[in-house]
Amino acid sequence: MVNDDRILWQVGDLECVMITCCAGAELQVRRPSAIVLRELYPTKSDLYERARDLKTEYERSS
């Protein structure tokens, strides 16, 4: 099974990463030392929508 990791955005020391494989997609928000948030999605479109919302939320709080 091959995974595909893609950085979607970065805000300060946070980065949002999409990890995809044949079973679906995982969204991770990471700091250099830890995973802050991890969510699983059946489709990439759902994940992209959530990633956009999270970016807006993190930009407002920084």
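Residues numbered from 1 in each chain as written. Predicted model: local features only at pLDDT ≥ 70, side-chain atom pairs only at ≥ 80, totals over all residues. Heavy atoms only, no water.

A. Expanded view of the pairing of strand β1 (residues 4-11). Where β1 lies against strand β2 (residues 14-21), seven bridges are found, and the strand directions are antiparallel. Across the sheet, arginine 6 pairs through a bridge with methionine 18, a residue of β2. Counted between consecutive antiparallel strands, the loop separating β1 from β2 contains two residues, among which glycine 12 sits at a positive phi close to 60°. (Pairing = 2+ DSSP bridges. Helix = DSSP H or I, 4+ residues; strand = E, 2+ residues; numbered from the N terminus.)

B. Looking closely at the sheet that holds strand β3 (residues 24-31). An order of β1-β2-β3-β4 is seen for the four strands of this open sheet, with the pairing classed as antiparallel. The two strands at the open ends of the sheet, each matched to only one other strand, are β1 and β4 (34-41). On average, each strand axis in the sheet is tilted by 20° relative to the strand beside it, whichever way the strands run. Two strands pair when backbone bridges link them, and β3 and β4 are joined in this way by seven bridges, in the antiparallel orientation. Its bridge partner being in β4, alanine 25 is matched across the sheet by tyrosine 41. Contacts from helix α1 (residues 44-61) reach β1, β2, β3 and β4 within the one sheet, and its direction differs from that of β1 by about 25°. (Axes fitted to C-alpha atoms, helices over the stretch in contact; angles between N-to-C directions. Contact = heavy atoms within 4.5 Å.)

C. Spatial organisation of α1. A rise of 1.5 Å per residue sets the reference length of α1, with its 18 residues, at 26 Å; its end C-alpha atoms lie 26 Å apart and thus fit the reference within 8%. Those residues of α1 that sit buried are Leu47, Ala51, Leu54 and Tyr58. With its buried residues spanning 70° around the axis, α1 presents them on a single face. Away from its buried face by more than 90 degrees, α1 exposes Arg52 and Arg60. On its buried face, α1 is in contact with β1, β2, β3 and β4. (Expected span 1.5 Å × (residues − 1). Buried < 20%, exposed > 50% of the residue type's maximum accessible area, 1.4 Å probe, protein only. Arc of directions from axis to C-beta.)

D. Main features of the nonpolar core. With 13 residues, the main nonpolar core has Trp9, Leu27, Val29, Leu47, Leu54 and Tyr58 as its most contacted residues. Mapped by element, the contributors of at least two residues to this core are β1, β2, β3 and α1. If near-sequence neighbours (up to four positions away) are discounted, leucine 27 is found in contact with Cys16, Val17, Leu37, Arg38, Glu39, Tyr41, Leu47, Arg50, Ala51 and Leu54. (Core = buried A, V, L, I, M, F, W, Y, C linked by side-chain atoms within 4.5 Å.)

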